[in-house]
Amino acid sequence: MIRQPKIESSWNQQLTDEFSKDYMKNLSKFLCDEKIKQKSIYPPNNLIFEAFELTKFEDVKVVILGQDPYHGIGQAHGLSFSVGYDIKIPPSLKNIYKELYNDIGIEIPEHGNLKKWANEGVLLLNSILTVEKGKPNSHSNKGWEIFTDSILKVLNTKRRNIVYILWGKKAQDKCKYINSKDNLIIKSAHPSPYSAFNGFFKSKPFSKTNNYLLKNNQLIIDWNVE
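All values reported here derive from a predicted model rather than from experimental measurement. (Residues numbered from 1 in each chain as written. Predicted model: local features only at pLDDT ≥ 70, side-chain atom pairs only at ≥ 80, totals over all residues. Heavy atoms only, no water.)

Let us now look at the overall build of the protein. Regarding its fold elements, the protein presents eight helices and six strands. For the protein, the sequential pattern of α-helices and β-strands runs α-α-β-α-β-α-α-β-β-α-β-α-β-α. Relative to a compact globule of 226 residues, whose C-alpha radius of gyration would be 17 Å, the protein shows 17 Å and is just as compact. Principal axes of the C-alpha set define a box for the protein whose edges measure 50 × 35 × 30 Å. Counting the 226 residues in the protein, one finds 56% classified as buried. Pairs at least 24 residues apart make up 68% of the contacts formed inside the protein by residues separated by at least 6 positions. (Helix = DSSP H or I, 4+ residues; strand = E, 2+ residues; numbered from the N terminus. Rg over C-alpha atoms; globule rule 2.2 N^0.38 Å. Buried < 20%, exposed > 50% of the residue type's maximum accessible area, 1.4 Å probe, protein only. Contact = heavy atoms within 4.5 Å.)

What follows is the structure in structure tokens.
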């Protein structure tokens, strides 16, 4: 399932060696064993690498790093913080939308699908790309973190002037892979209801991102998802 993933060609060129490494073989075996045990794993197989399908390597302007997929039925579809059009908007995304409105005045959307951001050049990346139904963080330390670290490393090596939006301590631990001289790192509290009032609100990540892109002669992100 993982050794020959459906992954967009520009990313496949950058990451092809990862799929032959021992950690990925072990991760593949773990996921296969979980399926044999008839455990429900999210997102569906065909959507695990959706973030890379929608945002080509050369088109990445922004990386928004999440922890792991939503663990409710039908929620996860391969993009961090995003849910399908017919799924109730999760609390963290509600807070992201509130900050979006307070920061740049975009009206709060009626759905939680962030595909439009992905098409704008926002890589909606989770540190862990799968999860067991009803068990958040259940696939941590199985190998996904190594894979997503490699993504940050290759972006840091071969691209520059990217905005990295790191919400919460776990995301901010990835700073060690990012050259802050050639990129912009935006850090704040996580948008979860448990922490949003501790520095996420009023952090203005969307205007800061677009100001940086303008300064570096790039097209800004249209943050409207409607």
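In this section: helix 6 (residues 144–158). The terminal C-alpha atoms of helix 6 lie 21 Å apart, and with 15 residues this matches the ideal 21 Å at 1.5 Å per residue to within 8%. Buried positions along helix 6 lie against helix 1 (9–15), helix 2 (22–36), helix 3 (50–54), strand 2 (62–66), strand 3 (122–126) and strand 5 (163–167). (Expected span 1.5 Å × (residues − 1).)

On the secondary structure map, threonine 148 appears in helix 6. Residue class for threonine 148 comes out buried when judged on its relative accessible area of 1%. Discounting residues that sit within four places of it in the chain, threonine 148 has contacts with Leu125, Asn126, Ser127 and Leu129.

Let's shift gears to the packing of helix 4 (residues 91–104) against helix 8 (residues 205–215). Contact pair helix 4 / helix 8: the axes reach a minimum separation of 7 Å and the direction vectors enclose 60°. Relative to helix 8, the element helix 4 is oriented oblique. Contacts between helix 4 and helix 8 pair Ile96, Glu99, Leu100, Asp103 and Ile104 from the former with Pro205, Phe206 and Ser207 from the latter. The class makeup of the residues in the contact of helix 4 with helix 8 is five nonpolar, one polar and two charged. (Axes fitted to C-alpha atoms, helices over the stretch in contact; angles between N-to-C directions. Parallel < 35°, antiparallel > 145°, perpendicular 65-115°, else oblique. Nonpolar A, V, L, I, M, F, W, Y, C, P; charged D, E, K, R; others polar.)

Here the focus is unusual backbone geometry. Of note, the bond from tyrosine 42 into proline 43 is cis; its omega dihedral lies within 30 degrees of zero at -10°. Positive phi, close to 60°, is recorded for asparagine 161, a residue that is not glycine. One can find asparagine 161 in the loop between helix 6 and strand 5. One non-glycine residue, lysine 204, adopts positive backbone phi at about 55°. Relative to the assigned elements, lysine 204 resides in the loop between strand 6 (184–188) and helix 8.

For the α-helix, the turn length of 3.6 residues means that residues three or four positions removed from each other point alike. Look at helix 4: 20 Å from first C-alpha to last across 14 residues, which is about the 20 Å you get at 1.5 Å a residue. Looking only at helix 4, the buried set comprises Ser92, Leu93, Asn95, Ile96, Tyr97, Glu99, Leu100 and Asp103. Where helix 4 is buried, its residues contact helix 5 (115–120), strand 5 and helix 8. Downstream of helix 4 by a residue or two, glycine 105 has a phi angle that is positive, lying close to 80°.

Within the secondary structure, isoleucine 104 is located in helix 4. Linking isoleucine 104 and glycine 199, residues 95 residues apart in sequence, is a C-alpha distance of 17 Å. In this structure, isoleucine 104 is in contact with Phe206, Ser207 and Trp223, ignoring residues within four places of it in sequence.

Below, the discussion takes up the environment of threonine 209. Along the chain, the position of threonine 209 falls in helix 8. By relative accessible area, threonine 209 is classed as buried at 0%. Between the C-alpha atoms of threonine 209 and isoleucine 165, which are 44 residues apart in sequence, the distance is 8.6 Å. When neighbours within four sequence positions are excluded, threonine 209 is seen to be in contact with Val62, Val163, Ile165, Ile186 and Trp223.

For the rest of this paragraph, the subject is the sheet that holds strand 3. An order of 3-2-5-6 is seen for the four strands of this open sheet, with the pairing classed as parallel. Edge positions in the open sheet fall to strand 3 and strand 6, since each of these has one partner strand only. The average undirected angle you get between the axes of adjacent strands in this sheet is 20°. Note: strand 2 against strand 5, four bridges, orientation parallel. Within strand 5, the position partnered with isoleucine 64 by the bridge is isoleucine 165. Contacts from helix 6 reach strand 2, strand 3 and strand 5 within the one sheet, and its direction differs from that of strand 3 by about 150°. (Pairing = 2+ DSSP bridges.)

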